[in-house]
Amino acid sequence: GQVVLIACESMRALGEAGSSLVFLAGSSSGEQRVVKVARDASGLQDLKREIVLSRYIQTTSAGQACVAPVLDWNLEQAPYFLELPYFPDGNLDQWAGAHGGLHAMSRQDRLAVFVALCEAVARLHESGVIHRNLKPENIHPRYLDGGQLQVMLADLAAGDASASTQAAE
């Protein structure tokens, strides 16, 4: 269900990510998606990097469960964009705010967030990718159906593949 980029009521600006503008939009299948639109040539390069790293990560078992996959893209004509999943619980700041803030959470819950983040970064590194832009806006905690906390990492536009020996195995 590719997102059609037209001015419509269902499209809402979320902010900026480097050389891209970020929107929340509805797909043709009715799902909400995050759409990153390149503002310039640098933004287009960032989109391409994110697509390549996402596709690579999806081929490795290590990184799949911790990185928001690129679902679709348009690199053929302007506006150049890519589509990502939407996380309704928001990023780390938004998620923590909905739980009263990190300071209001129990020590055990704060440690669970920290451990889930460390596990996500470790899986990403096992796949041979370095994120290079970890910040609350790119960290998306969520509870799985079984109640386990998971952290999804987003925005690989600044990321890079490392020369890790683990990635070559």
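1. Examining helix α1 (residues 41-58)
- End to end, α1 covers 26 Å across 18 residues, agreeing with the expected 26 Å (1.5 Å per residue, within 8%).
- A side-chain oxygen of the first residue of α1 lies 3.1 Å from the backbone nitrogen of Ser-42; this N-cap is Asp-40.

2. So, the layout of surface pockets
- Space inside the largest pocket adds up to approximately 610 Å³.
- If you trace the largest pocket, you find 27 residues lining it, with Leu-14, Val-22, Val-34, Glu-137 and His-140 closest to the centre.
- Looking at the lining of the largest pocket, the elements that each hand over two or more residues are β1 (12-17), β3 (32-38) and β5 (81-85).
- Among the elements that make up the lining of the largest pocket, the one with the highest residue count is β1 (5 residues).

3. Observations concerning the pairing of β1
- Where β1 meets strand β2 (residues 20-26), 5 bridges bridge the pair, whose relative direction is antiparallel. When the sheet's bridge partners are listed, Gly-15 is paired in β2 with Val-22.
- Here β1 folds back onto β2 in antiparallel fashion, the turn holding 2 residues, of which Gly-18 has a positive phi close to 65 degrees.

4. Structural notes on the confidence of the model for the chain
- Summarising the model, the chain shows a mean pLDDT of 86, and 88% of its residues fall at 70 or more.
- Segment residues 165-169: pLDDT under 50, and 6 contacts once partners within four positions in sequence are set aside and those in other chains are kept.

5. A closer look at the side chain of Asn-74
- With respect to the element layout, Asn-74 can be found in strand β4 (residues 72-74).
- At 3.0 Å, the side chain of Asn-74 forms a polar contact with the backbone oxygen of Pro-79.

6. Topic: the sheet that holds β5
- Taken in spatial order, the 5 strands of this open sheet run β1-β2-β3-β5-β4, and their pairing is antiparallel. The open sheet has two edge strands, β1 and β4, and neither has a second partner. When strand polarity is set aside, the average angle formed by the axes of neighbouring strands in this sheet is 25 degrees.

7. Some details on the nonpolar core
- By size, the foremost hydrophobic cluster in this structure holds 19 residues, and its most contacted members are Trp-95, Leu-124, Leu-153 and Leu-156.
- Of all the secondary-structure elements, those providing two or more residues to this core are α1, α2 (92-98), α3 (107-126) and β8 (149-153).
- Per-element tally for this core: the top contributor is α3, with 5 residues.
- The residues touching Leu-124, leaving out its near neighbours within four places in the chain, are Ile-57, Cys-66, Val-67, Val-129, His-131, Leu-153 and Leu-156.

8. Here we look at α3
- Spanning 20 residues, α3 covers 28 Å between terminal C-alpha atoms, matching the ideal 28 Å at 1.5 Å per step.
- Among all positions of α3, only Val-113, Ala-116, Ala-120, Val-121 and Leu-124 are buried. Down the axis of α3, the sector holding all buried residues measures 130 degrees, keeping them to one side. Among the exposed residues of α3, those pointing more than 90 degrees away from its buried face are Arg-107, Gln-108 and Phe-114.

The rules behind each value
- Residues numbered from 1 in each chain as written.
- Predicted model: local features only at pLDDT ≥ 70, side-chain atom pairs only at ≥ 80, totals over all residues.
- Heavy atoms only, no water.
- Helix = DSSP H or I, 4+ residues; strand = E, 2+ residues; numbered from the N terminus.
- Expected span 1.5 Å × (residues − 1).
- Polar contact = N/O pair within 3.5 Å; in protein donor to acceptor, adjacent residues only side chain to side chain.
- 1 Å grid on protein atoms, 1.4 Å probe; cavity = no way out; pocket = protein on both sides within 12 Å on 5 of 7 lines; lining within 4 Å.
- Points joined across faces, edges and corners; volume = space filled by probe spheres on them.
- Pairing = 2+ DSSP bridges.
- pLDDT = per-residue confidence, 0-100.
- Contact = heavy atoms within 4.5 Å.
- Axes fitted to C-alpha atoms, helices over the stretch in contact; angles between N-to-C directions.
- Core = buried A, V, L, I, M, F, W, Y, C linked by side-chain atoms within 4.5 Å.
- Buried < 20%, exposed > 50% of the residue type's maximum accessible area, 1.4 Å probe, protein only.
- Arc of directions from axis to C-beta.

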